[in-house]
Amino acid sequence: MSTIVDEIIELFDTKGREPYGEDVSVAEHGLQCAALADREGAGEALVVAALLHDVGHLIEDPDDGYGVHRHDAGGAAFLARHFPEAVVAPVRMHVAAKRYRVAVDPGYAARLSAASTHTLAHQGGPMSPDEVREFEADPHLAAALRLREWDDHGKVDGLDVAPIEAYRDRMQRLLTG
Ligand SMILES: [Fe+2]
């Protein structure tokens, strides 16, 4: 019987190989982010969040050559059916985390990739002061900001990292249903 973990692995091996405006595919990007999380000793849920944070690009049709602009909400809704909030929240917040960083860190926007800069405009641009305050009150703030760092760095063309199968058991352990 095929499980949701099999389905996710299948998504990575098929749709995940398609380009979405970065130098790497969605699958390569997720695997690089998970590898960075792993290297920094992040907990299992946050490693899996890093791996799956862009799954929203794989389950909906793209808005343009840069993928699905609201892939945060779509991905989080998909993951919430199977994984705990410790996985879902950083995924739901990873686009907001970019809007937050742009608002509070003047040098951050200049470091974003061209694709991230393009999608930022479609995602609401920098946060307003009220949005910043609300975001900072979220209990998952720290996890979301860590994920954002990996997200911004996990875009290296041709980097050799562990395959999706290396995360099968961790995904399986975290399943809520
Ligand atoms: Fe990403």
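What this report covers is the structure whose coordinates are included nearby.

1. Looking at helix α9 (residues 114–122)
Residues spaced three or four apart along an α-helix face the same direction, because each turn holds 3.6 residues.
Inference 1: Taken as a whole, α9 has its buried residues at Ala-115, Ser-116, Thr-119 and Leu-120. Looking straight down α9, one finds that the buried residues subtend no more than 140° of arc, so they occupy a single side. Exposed and facing more than 90 degrees away from the buried side of α9 are Ala-114 and Ala-121.
Inference 2: On the buried face of α9, the contacting elements are α7 (94–104) and α11 (141–153).
Inference 3: With its phi angle positive at about 110°, Gly-124 sits one or two positions after the end of α9.

2. A look at the nonpolar core
Inference 1: In this structure, Phe-12, Leu-51, Leu-52, Phe-83, Trp-150 and Met-171 are the most contacted members of the largest nonpolar core, which totals 39 residues.
Inference 2: Broken down by secondary-structure element, the contributors of at least two residues to this core are α1 (4–13), α2 (26–39), α3 (44–52), α5 (71–80), α6 (85–92), α11 and α12 (168–174).
Inference 3: Sequence-distant contacts of Met-171, defined by excluding residues within four places in its chain, comprise Val-5, Ile-8, Ile-9, Val-48, Leu-51, Leu-52, Phe-83 and Ile-164.
Inference 4: Of all hydrophobic cores here, the second largest spans 10 residues; its members include Ala-97, Tyr-100, Met-127 and Val-132.

3. Describing the packing of aromatic side chains
For any pair of aromatic rings, geometry is given as the distance between the ring centres together with the angle between the planes.
Inference 1: As enumerated under the stated definition, the model contains 1 aromatic pair in all.
Inference 2: Seen from their ring centres, Tyr-100 and Phe-135 are 5.1 Å apart, and the 40° between their planes marks the pair as tilted. Of this pair, Tyr-100 sits in helix α7 while Phe-135 is found in helix α10 (residues 129–136), placing the two residues 35 residues apart along the sequence. Just as Tyr-100 is buried, Phe-135 falls in that class too.

4. Topic: α7
Inference 1: With respect to burial, α7 is a largely interior element, 9 of its 11 residues being buried.
Inference 2: Along α7, the residues classified as buried are His-94, Val-95, Ala-96, Ala-97, Lys-98, Arg-99, Tyr-100, Arg-101 and Val-102.

5. Some words on the packing of α5 against α6
Inference 1: Remark: α5 packs on α6, axes separated minimally by 8 Å, with the N-to-C direction vectors making an angle of 170°. Judged on the interaxial angle alone, α6 and α5 are roughly antiparallel. Facing α5, whose interface residues are Asp-72, Gly-75, Ala-76, Leu-79 and Ala-80, α6 presents Val-88, Val-91 and Arg-92.
Inference 2: For the contact of α5 with α6, the residue count by class is 5 nonpolar, 1 polar and 2 charged.

6. Section: the packing of α7 against α9
Inference 1: Running from amino to carboxyl end, α7 crosses α9 at an angle of 95°, the nearest separation of the two axes being 11 Å. Between α7 and α9, the angle is such that the two are roughly perpendicular. For the pair formed by α7 and α9, the contact residues are Lys-98, Arg-99 and Val-102 on the first element and Ser-116, Thr-119 and Leu-120 on the second.
Inference 2: Its residues placed into classes, the contact of α7 with α9 shows 2 nonpolar, 2 polar and 2 charged.

Thresholds, definitions, all that
Residues numbered from 1 in each chain as written. Predicted model: local features only at pLDDT ≥ 70, side-chain atom pairs only at ≥ 80, totals over all residues. Heavy atoms only, no water. Buried < 20%, exposed > 50% of the residue type's maximum accessible area, 1.4 Å probe, protein only. Helix = DSSP H or I, 4+ residues; strand = E, 2+ residues; numbered from the N terminus. Arc of directions from axis to C-beta. Contact = heavy atoms within 4.5 Å. Core = buried A, V, L, I, M, F, W, Y, C linked by side-chain atoms within 4.5 Å. Phe/Tyr/Trp six-rings, centres within 6.5 Å; stacked < 30°, edge-to-face > 60°. Axes fitted to C-alpha atoms, helices over the stretch in contact; angles between N-to-C directions. Parallel < 35°, antiparallel > 145°, perpendicular 65-115°, else oblique. Nonpolar A, V, L, I, M, F, W, Y, C, P; charged D, E, K, R; others polar.

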